[in-house]
Amino acid sequence: MTTANLLDFDLEGLAAFCERLGEKRFRATQLFRWIHQRGASDFAQMTDLAKSLREKLATAARVEALPVITQHESADGTIKWLFDVGDGNAVEAVFIPEDDRGTLCVSSQAGCAVGCRFCSTGHQGFSRNLTTGEITAQLWFAEHFLRKHLGRAERVISNVVMMGMGEPLQNYAALVPALRTMLDDNAYGLSRRRVTVSTSGVVPMIDRLGGDCPVALAVSLHAPNDALRDDLVPLNRKYPIVELLEACKRYLAHAPRDFITFEYCMLDGVNDQPEHARQLLDLVRSAGVSCKFNLIPFNPFPASGLLRSPQPRVLAFAKVLSEAGIVTTVRKTRGDDIDAACGQLAGDVKDRTHAAERMAQRRTVILHPASRQAATPTAEEQ
Ligand code: SF4
């Protein structure tokens, strides 16, 4: 008999499951607390549940963690886990400690079908969506491991960012119950402002998220015009920038924060000129989207054919935006000694989409003239 993985359920789903077992719905709250607040996976431990319920659970349910393949801890305290999700696929999650918060970066898919040029996950192609249980299991494991590891009785993870492997809004049905569990006071009780979904711009799903489960939204913009964004973030061909910004504006009516965060990966000679910053200003002003910019130093990997922008250019870019009154931060790179920095997450994926071959055929990014002179073009750039 197949058993239900209780990590697949938000509280509402668990209540429905309890009813199917012939139990009262409120039992689900007790069970939910045991699993998520106390990290229990053995029903025999759950001593305030009736023995008859524990016996039913033992035959009908399980709490299934993801096997950890590797764990790496960086000198700066960042911890990266590689989890086995079966059938040759593995996904990563990263814990980033800071003075005032602990952030977990969570994966939503084994691989990713969007295929952004600057992203190692995109180069690996796509295998499959994670289940709700597999998304939730990353937080469940990390939170309870970290409490023991750091000797803390209280909550360690205060923030979750859906910025690991995958495009979360292309796995919407599994994502939303996982988000609800993160927010639930009977589970992790995270603030909506501290749970962030990062999307490359799946416009219809941005609208749905605003209605179903509004949390903080980060949008991977990475380019100030459609010609460049079509190449860097291929989803732009389906949902061009103007449509994306309109969706962002609609989302703000529901969002727990009064701004959208635009992520912008700084690529040497590609999208990092002052003119690009000025184009961005024109875009967000004409769309009327309240926003912040987060400039991300690119973490180069050979297959991308791209390089990191020099720091002075990043700072000059930030200055154009800041001086126009837009809050702009330059992301600190964390955990790059263990390949846990942004864009470096790349578990093992059985690529069913032949991404590597496709991407090798469309390396057509136009280098800025100044950089083109300085750089020796590779065969891929010609
Ligand atoms: S940046 Fe995000 S959407 Fe783009 S390929 Fe990587 S994981 Fe997918």
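Residues numbered from 1 in each chain as written. Predicted model: local features only at pLDDT ≥ 70, side-chain atom pairs only at ≥ 80, totals over all residues. Heavy atoms only, no water.

Here we come to the overall build of the protein. The helix and strand inventory of the protein stands at 13 helices and 14 strands. Of all 382 residues assigned to the protein, the portion counted as buried reaches 57%. Nonlocal contacts in the protein, meaning residues at least 24 apart in sequence, comprise 67% of its contacts between residues at least 6 apart. (Helix = DSSP H or I, 4+ residues; strand = E, 2+ residues; numbered from the N terminus. Buried < 20%, exposed > 50% of the residue type's maximum accessible area, 1.4 Å probe, protein only. Contact = heavy atoms within 4.5 Å.)

As a further point, take helix α9 (residues 241–252). Here α9 spans 17 Å end to end across twelve residues, near enough to the 16 Å set by a 1.5 Å rise per residue. All of the buried residues along α9 are I241, L244, L245, A247, C248, Y251 and L252. The buried residues of α9 all sit within an arc of 155° when viewed along its axis, so they share a single face. At its buried positions, α9 is contacted by α7 (203–212), β11 (216–220), α8 (226–232), β12 (260–266) and α10 (274–287). (Expected span 1.5 Å × (residues − 1). Arc of directions from axis to C-beta.)

Take the environment of D87 next. One can find D87 in the loop between β4 (79–86) and β5 (89–98). Judged by its relative accessible area of 60%, D87 is exposed. Sequence separation of D87 and S127 is 40 residues, and the distance between their C-alpha atoms is 9.8 Å.

Backbone geometry follows two general trends: most residues other than glycine have a negative phi, and most peptide bonds adopt the trans configuration. Positive phi values are uncommon outside glycine, yet D87 reaches one of about 55°. A positive phi angle, close to 70°, is found at H222, a residue other than glycine. In this structure, H222 sits in the loop between β11 and α8.

Attention shifts here to the packing of helix α2 (residues 27–37) against helix α5 (residues 132–150). The relative placement of two packed helices comes down to the angle between their axes together with the axis-to-axis distance. The contact between α2 and α5 brings their axes to 9 Å, and the two run at 65°. On α5, the residues that touch I35, H36 and Q37 of α2 are T136, W140, H144 and R147. (Axes fitted to C-alpha atoms, helices over the stretch in contact; angles between N-to-C directions.)

Counting through the fold element by element, S107 comes out in the loop between β6 (101–105) and β7 (109–111). A polar side-chain atom of S107 sits 2.5 Å from the main-chain carbonyl oxygen of E92. There is a polar contact of 2.9 Å between the side chain of S107 and the backbone nitrogen of M165. Excluding residues within four positions of it along the chain, S107 makes contact with V91, E92, L130, I135, Q138, M162, G164 and M165. (Polar contact = N/O pair within 3.5 Å; in protein donor to acceptor, adjacent residues only side chain to side chain.)

Below, the discussion takes up the site of the ligand. Around the ligand, the structure places C112, V114, G115, C116, C119, G122, G166 and S200. Residue classes in the shell around the ligand are distributed as four nonpolar, four polar and no charged. (Near = heavy atom within 4 Å. Nonpolar A, V, L, I, M, F, W, Y, C, P; charged D, E, K, R; others polar.)

Another aspect to go through is the packing of aromatic side chains. In the structure shown here, the tally under the stated rule is eight aromatic pairs. Seen in terms of ring centroids, W81 and F141 are 5.7 Å apart; in terms of plane orientation they differ by 85°. Their pairing is edge-to-face. Of this pair, W81 sits in strand β4 while F141 sits in helix α5, and the two are 60 residues apart along the sequence. Taking relative accessible area as the criterion, F141 reaches 19% and is therefore assigned buried. Geometrically, the ring pair formed by F262 and F293 is tilted, given 5.5 Å between the ring centres and 40° between the ring planes. (Phe/Tyr/Trp six-rings, centres within 6.5 Å; stacked < 30°, edge-to-face > 60°.)

Within the open sheet, the ten strands sit side by side as β3-β4-β5-β6-β9-β10-β11-β12-β13-β14. Their pairing is mixed. The open sheet has two free edges, formed respectively by β3 (68–73) and β14 (328–330), since each of these has just one partner strand. In this sheet, neighbouring strand axes are inclined to one another by 20° on average, regardless of whether the strands run parallel or antiparallel. As judged from the three bridges shared by β11 and β12, these two strands associate in the parallel manner. Along β12, the bridge assignment pairs V219 with F262. (Pairing = 2+ DSSP bridges.)

Moving on: helix α6 (residues 172–183). Compared with an ideal rise of 1.5 Å per residue, which puts twelve residues at 16 Å, α6 spans 16 Å between its outermost C-alpha atoms and is within 8% of the ideal. Where burial is concerned, most of α6 is hidden: ten out of the twelve residues are buried. Contacts from the buried residues of α6 go to α2, α5, β9 (159–162), β10 (195–199) and α7.

What follows is about the confidence of the model for the protein. Residue-level pLDDT values for the protein average 90, and 87% of them are 70 or greater. Scored below 50 in pLDDT, residues 362–382 makes 34 contacts in the model with residues more than four places away or belonging to other chains. (pLDDT = per-residue confidence, 0-100.)

Attention now moves to the pairing of β6. The buried fraction of β6 is high, at four of five residues. Where β5 lies against β6, five bridges are found, and the strand directions are antiparallel. Pairing of V94 across the sheet is with C105, part of β6. Hairpin remark: β5 followed by β6, antiparallel, with two residues in the connecting loop.

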